[in-house]
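If you want the building blocks of each chain, they are given just below.
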Amino acid sequence: MKKLPIGIDNYKKIIDNDLRFVDKTLFIKNIIDDSSEVILITRPRRFGKTLSMSMLKYFYEKTKEDNSYLFKDMKIWKEDKKYKEELGKYPVINLTLKNVKFYDWETNYETIKNIITSEFLRHDYLLDSNVLKKGNKKRFEDICYGNGDRATYSSSLELLSKVLYEYHKEKVLILLDEYDTLLNESYVSGFYNEAREFMRGFLNSGFKNNPYLHKGIITGIFRIAKESIFSDINNLNVSTILSNGYRESMGFTLEETESLLKEYKVKDNIKEVTNWYNGYIFGETEFSLIYNPFSIMLYLDRKILKPYWVNTSGNAIIKDIVINGSRDIKEEIKKLLKGDEIKGI
């Protein structure tokens, strides 16, 4: 029986250490088949977003290493050969903002600078190439050494996309994980305007009419719609829990959950476990029952029925809505508390 990857969201580490992985590699097929240039996938916390993005990175990224062994025993390898041809084909920009959640703007901004700098340093081989002309080389070096101004960091995705394309002669895949962490924290802590303006420029730099972009995949918990932060980005495909697309790509289906429970010797308790953790209904016209993988993995590890997921996030935004929301919003919340159905808030 394989060990469980508790708290591990690096795909390669899970496979290299022979940990239990629920095969979600058909997510890669869905991404390849999607004609959208930019895809935003929103899911609740602890639903495997970061692991899914890590899987995409190891599949797509053009490196000197052969990563085919990471996928040869997976479902994606049984698909048409056109999907295998995408393996290791593209340069990848890989960023996560999941830890950008401090209580003031300046600390968050410095954290974002460090994240961007780390990704530039991951591609520092470009400094020794002839693709960096004088002006771009200065901007590239400023970012690598932490000396860039705010405009330089805000437009950094465009710069890195350009030079990666010129070096590799292939368009770039941009992976941006947990894009909304900063925006959620800024709303609660009172610096939303600063965060919104930076993120709008940053997103536009990478995803708006970027001629060097092959595909962009963005994940988060919410779709930030109020300030139209994505209004300038063309060809954006949004997948929420109310969408048919990607509905089984993250989280565990009922069948996957039952299979895990049997594998880890809790088959006599399956009904109790599935009732306890209940599951989400994902989809609009086609529906799937999806279970939170964090809760299921911890239950399999500890064999104790507990609300593992309940303390994994703050509820400050919900509290603010309840206290400061309009009368209509409060009436809708009352309906929910009574068990009634609402169309949306």
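Quick note: structure is the one above.
What you see is a predicted model, and the numbers here were worked out from it, not measured in a lab. (Residues numbered from 1 in each chain as written. Predicted model: local features only at pLDDT ≥ 70, side-chain atom pairs only at ≥ 80, totals over all residues. Heavy atoms only, no water.)

(A) Up close: the pattern of salt bridges. Applying the stated criterion across every chain yields a total of 18 salt bridges. R20 is the partner of E263 in a salt bridge, and the nearest nitrogen-oxygen pair spans 2.9 Å. In this pair, E263 is assigned in helix α11 (residues 254–263) and R20 in the loop between α1 (11–16) and α2 (26–33), connecting sequence segments 243 residues apart. Owing to a relative accessible area of 17%, R20 belongs among the buried residues under this scheme. Across the salt bridge formed by R122 and E119, the nearest N and O atoms sit 2.9 Å from each other. Note that R122 and E119 are positioned in helix α5 (residues 105–122) at a spacing of three residues, about one turn of the helix. A residue is classified by how much of its surface remains accessible, and R122, at 34% relative accessible area, is partly exposed. The network of salt bridges with shared partners includes K57, E61, E119 and R122. (Salt bridge = Lys/Arg side-chain N within 4 Å of Asp/Glu carboxyl O. Helix = DSSP H or I, 4+ residues; strand = E, 2+ residues; numbered from the N terminus. Buried < 20%, exposed > 50% of the residue type's maximum accessible area, 1.4 Å probe, protein only.)

(B) Spatial organisation of a nonpolar patch on the surface. Where nonpolar side chains cluster on the molecular surface, the patch consists of I281, F287 and L289 and spans about 310 Å² of accessible area. Here L289 lies in strand β8 (residues 288–291). We classify L289 as partly exposed; its relative accessible area is 30%. (Patch = residues over 30% accessible without salt bridge, like charges linked within 9 Å, V, L, I, M, F, W, Y side chains within 5 Å. Areas by Shrake-Rupley, 256 points an atom, 1.4 Å probe, with all protein chains shown as cover.)

(C) Just the packing of aromatic side chains, in detail. Within the structure shown, the criterion is met by 20 aromatic pairs. Here F59 and Y60 contribute two aromatic rings whose centre-to-centre distance is 5.7 Å and whose plane-to-plane angle is 85°, an arrangement assigned as edge-to-face. F59 sits in the buried class, given a relative accessible area of 0%. Ring centres 6.4 Å apart and planes at 80° place the aromatic pair W276 and Y277 in the edge-to-face group. Using a relative accessible area of 45% as the deciding quantity, one classes W276 as partly exposed. Each member of the aromatic cluster is reached from another via a ring pair, and the members are Y11, F21, F59, Y60, F71 and Y90. (Phe/Tyr/Trp six-rings, centres within 6.5 Å; stacked < 30°, edge-to-face > 60°.)

(D) Focus on the packing of α11 against helix α13 (residues 293–302). One can describe the packing of α11 onto α13 by two numbers: an axis separation of 10 Å at closest approach and a directional angle of 10°. Considering their axes alone, α11 and α13 lie roughly parallel with respect to each other. Touching T257, L260 and L261 of α11 are I296, Y299 and L300, all from α13. For the contact of α11 with α13, the residue count by class is five nonpolar, one polar and no charged. (Axes fitted to C-alpha atoms, helices over the stretch in contact; angles between N-to-C directions. Parallel < 35°, antiparallel > 145°, perpendicular 65-115°, else oblique. Contact = heavy atoms within 4.5 Å. Nonpolar A, V, L, I, M, F, W, Y, C, P; charged D, E, K, R; others polar.)

(E) Structural view of α5. Across its 18 residues, α5 extends 26 Å between first and last C-alpha, which sits within 8% of the 26 Å expected from 1.5 Å per residue. Buried within α5 are the following residues: W105, N108, Y109, T111, I112, K113, I116, T117, E119 and F120. Where α5 starts, the residue carrying a side-chain oxygen 3.4 Å from the main-chain nitrogen of E106 turns out to be D104. (Expected span 1.5 Å × (residues − 1). Polar contact = N/O pair within 3.5 Å; in protein donor to acceptor, adjacent residues only side chain to side chain.)

(F) Local environment of the sheet that holds strand β4 (residues 213–220). Judged by pairing direction, the sheet is parallel, and its five strands sit side by side in the order β2-β3-β4-β1-β5 without closing on themselves. Edge positions in the sheet fall to β2 (92–96) and β5 (236–239), since each of these pairs with one other strand and no more. Each neighbouring strand pair of the sheet contributes to a mean axis angle of 10°, computed without reference to strand direction. Two strands pair when backbone bridges link them, and strand β3 (residues 172–177) and β4 are joined in this way by five bridges, in the parallel orientation. From the neighbouring strand, I174 faces β4, where its bridge partner is G216. On the sheet, helix α3 (residues 49–60) packs against β2, β3 and β4 and is oriented at approximately 165° with respect to β3. (Pairing = 2+ DSSP bridges.)

(G) Geometry of the nonpolar core. Among the nonpolar cores identified, the biggest contains 44 residues, and F140, L176, M199, L203, F207 and I218 are the most heavily contacted of them. Contacts of L176, omitting those with residues within four sequence positions, involve M53, L95, L97, F202, L203, F207, I217, I218 and T219. Counting 29 residues, the second largest nonpolar core, distinct from the first, contains I31, M55, F59 and L175. (Core = buried A, V, L, I, M, F, W, Y, C linked by side-chain atoms within 4.5 Å.)

(H) The environment of F230, seen in detail. As for its position among the elements, F230 is in the loop between β4 and β5. In the structure, F230 is positioned 179 residues away from L51 in sequence and 24 Å away in space, judged by C-alpha atoms. Not counting residues within four places of it along the chain, the set of residues in contact with F230 comprises L40, Y179, L203, I218, I224 and L236.

(I) Focus on α2. Of all the residues in α2, the buried ones are F27, I28 and I31. The arc that holds every buried residue of α2, seen down its axis, measures 100°, which confines them to one face. On its buried face, α2 sits against β1 (38–42), α3 and β4. (Arc of directions from axis to C-beta.)

(J) Summary view of the sheet that holds β8. Here three strands make up an open sheet; going across it, the order is β6-β8-β7 and the pairing antiparallel. If you trace the sheet from one side to the other, it starts and ends with β6 (252–253) and β7 (280–282), each paired once.

(K) Local environment of the pairing of β1. Of all five residues in β1, five are buried; the element is thus mostly enclosed. Neither face of β1 is exposed, since V38, L40 and T42 on one face and I39 and I41 on the opposite face are all buried. Pairing geometry for β1 and β4, over five bridges, is parallel. Counterpart to T42 in the pairing with β4 is G220. As paired elements, β1 and β5 share four bridges and run parallel to each other. Residue L40 lies in a different strand from β5, and its bridge partner there is V238.

By themselves, these are just geometric observations and shouldn't be taken as functional.
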